[in-house]
Amino acid sequence: EEREQTLMLLVDISQSALIGSTAKSKRDLITEICAVLAFSAIANNDKVGILFFSDKVEKFIPPSKGKSHVLRLIKELITIEPVQGASTNISHSLEYLNRVMKRRTIAFLISDYVAPSFEKPLKMSARKHDFVGIHIYDPLDEFLPEIGLFPLLDIESGEYVWVDTNDKKVRQLFRKKFLEHRDFCQTIFSKSGADLLTIGTDQDFV
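Below you will find a few notes about this structure. Here the structure is a predicted model, which is why all the values come from computation and not from measurement.

Another aspect to go through is the overall build of the chain. On a plain count of helices and strands, the chain comes out with six helices and eight strands. The order of helices and strands in the chain, counted from the N terminus, is β-α-β-β-α-α-β-α-β-α-β-β-α-β. For the chain, the spread of C-alpha atoms along the three principal axes comes to 60 × 35 × 30 Å. Of the contacts formed within the chain by residues at least 6 apart in sequence, a portion of 73% connects residues at least 24 apart. Roughly 11,000 Å² of accessible area belongs to the chain as shown, and the carbon and sulfur atoms make up 52% of that amount. Each charge class in the chain was averaged separately, 27 positive and 29 negative side chains, and the resulting centres sit 6 Å apart.

Right, let's get into the sheet that holds strand 8 (residues 195-200). Taken together, the six strands give an open sheet; going across it, the order is 3-2-1-4-5-8, and neighbouring strands pair in mixed fashion. Two strands close off the open sheet at either side, each with one partner strand: strand 3 (57-64) and strand 8. The mean inter-strand angle of the sheet, taken between neighbouring strand axes irrespective of direction, is 15°. When strand 4 (residues 106-111) meets strand 5 (residues 130-137), the two strands line up parallel, connected through six bridges.

Okay, the packing of aromatic side chains next. What the rule picks out here adds up to six aromatic pairs. Seen in terms of ring centroids, Phe118 and Phe189 are 6.5 Å apart; in terms of plane orientation they differ by 65°. Their pairing is edge-to-face. With Phe118 in the loop between strand 4 and helix 4 (119-128) and Phe189 in helix 6 (residues 168-192), this pair connects stretches of sequence that are 71 residues apart. In terms of burial, Phe118 and Phe189 fall into one category: buried. An angle of 35° between the planes, with centres 6.4 Å apart, marks the rings of Phe131 and Phe189 as tilted. Here Phe189 lies in helix 6 and Phe131 lies in strand 5, a separation of 58 residues in the sequence. Through a chain of ring-to-ring contacts, the aromatic side chains of Tyr113, Phe118, Phe131 and Phe189 assemble into a single cluster.

Turning our attention to the layout of surface pockets. Of the voids in this model, the second largest pocket is the one considered here, and its volume is about 240 Å³. Taken together, 12 residues form the lining of the second largest pocket, with Glu4, Gln5, Thr6, Arg103 and Arg104 sitting closest to its centre. Grouping the constituent residues of the lining of the second largest pocket by class yields two nonpolar, three polar and seven charged.

On to the nonpolar core. Judged by nonpolar contacts, the single largest core of 27 residues is most densely connected at Leu9 and Val11. Elements supplying a minimum of two residues to this core: strand 1 (6-12), helix 1 (26-43), strand 2 (47-53), helix 2 (67-79), strand 4 and strand 5. For this core, the leading source of residues is helix 1, giving eight residues. Setting aside its immediate chain neighbours within four residues, Leu9 contacts Cys34, Leu37, Val48, Gly49, Ile50, Leu51 and Phe108.

The topology assignment puts Phe39 in helix 1. The sequence separation of Phe39 and Leu71 amounts to 32 residues, and the corresponding C-alpha distance is 9.1 Å. Not counting chain neighbours up to four residues away, the residues in contact with Phe39 comprise Lys67, Val70, Leu71 and Ile74.

Mapping Ile30 onto the fold places it in helix 1. A relative accessible area of 2% places Ile30 in the buried class. The residues contacting Ile30, other than those within four sequence positions of it, are Val11, Asp12, Ile110 and Ile136.

Turning our attention to the packing of helix 1 against helix 2. The description of two packed helices rests on the angle between their axes and on the distance between the axes. Relative orientation of the contacting elements helix 1 and helix 2 amounts to 170°, with a least axis distance of 10 Å. As summarised for this structure, helix 1 and helix 2 are arranged roughly antiparallel, according to the angle between their axes. Note on element contacts: helix 2 touches helix 1 through Lys67, Val70, Leu71, Ile74, Leu77, Ile78 and Thr79, opposite Arg27, Thr31, Cys34, Ala35, Ala38, Phe39 and Ile42. Split into classes, the residues belonging to the contact of helix 1 with helix 2 amount to 10 nonpolar, two polar and two charged.

Here is what the cut-offs are and how they apply
- Residues numbered from 1 in each chain as written.
- Predicted model: local features only at pLDDT ≥ 70, side-chain atom pairs only at ≥ 80, totals over all residues.
- Heavy atoms only, no water.
- Helix = DSSP H or I, 4+ residues; strand = E, 2+ residues; numbered from the N terminus.
- Contact = heavy atoms within 4.5 Å.
- Areas by Shrake-Rupley, 256 points an atom, 1.4 Å probe, with all protein chains shown as cover.
- Lys, Arg positive; Asp, Glu negative; His and termini not counted.
- Charge placed at Lys NZ, Arg CZ, Asp CG, Glu CD.
- Pairing = 2+ DSSP bridges.
- Axes fitted to C-alpha atoms, helices over the stretch in contact; angles between N-to-C directions.
- Phe/Tyr/Trp six-rings, centres within 6.5 Å; stacked < 30°, edge-to-face > 60°.
- Buried < 20%, exposed > 50% of the residue type's maximum accessible area, 1.4 Å probe, protein only.
- 1 Å grid on protein atoms, 1.4 Å probe; cavity = no way out; pocket = protein on both sides within 12 Å on 5 of 7 lines; lining within 4 Å.
- Points joined across faces, edges and corners; volume = space filled by probe spheres on them.
- Nonpolar A, V, L, I, M, F, W, Y, C, P; charged D, E, K, R; others polar.
- Core = buried A, V, L, I, M, F, W, Y, C linked by side-chain atoms within 4.5 Å.
- Parallel < 35°, antiparallel > 145°, perpendicular 65-115°, else oblique.

Here is the structure:
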C-alpha cells in the first residue's frame, strides 16, 4: 500500500484533436495511448483518473482502481465530445490538477499543444508531480500537400484562409512553423523539469 501510486491522464478534447490524415485521428491515437496507460496502472495495482479539457475543464473522473473503472474511462474517451468550436487552454487543466490532486501523482498531459502560453502552471505541476507530456501531431500538421489553391479551416476559430499549396515557399513556411512549435514545446518542458514525447498518428506509439 505504501508503494501505491496514482496516475492522472490530462486529455485534450478540443476540436483540433479531431484532425487526422492517416488511418487514425489525433483523438484515436490519444484514446489508444490512454487505454494502454490505464491498463498498465491497474496491472500495477495503481489508481488512475482522467481530466478532459478543451478551453475549460470538461470533465474530471477521480482516480480509482479496477478493470470496471478503466473500462469506464475508455468509454468516456470514445464518447465525450467538446463544445462546438472549443479551443485549447492547457493552463486551466494544469491549475485544476494542482488544486484537486494534493499528493504527488504521475501525470500525463496529452495534447497537440496548440494553445496560449502555459509555462508558469507547467512549472508548478512539474514541481508537484512526476510529469510527462505527450505531444500528438498529424503528418498534415507538418506537410501541406501540393494540391493548388485550397481553403484551410481553423476548426477552433471557424475561420477560413485560402492557401496556394503549389507555392514551395508557403509549404516550407508551413513546415518551419510546425518545427518551431515542436521545438518550443520541447524547450518549455525541459525548462520545467518535465519529460516530453512527440508521437505522430502515423507512428507506432508502443
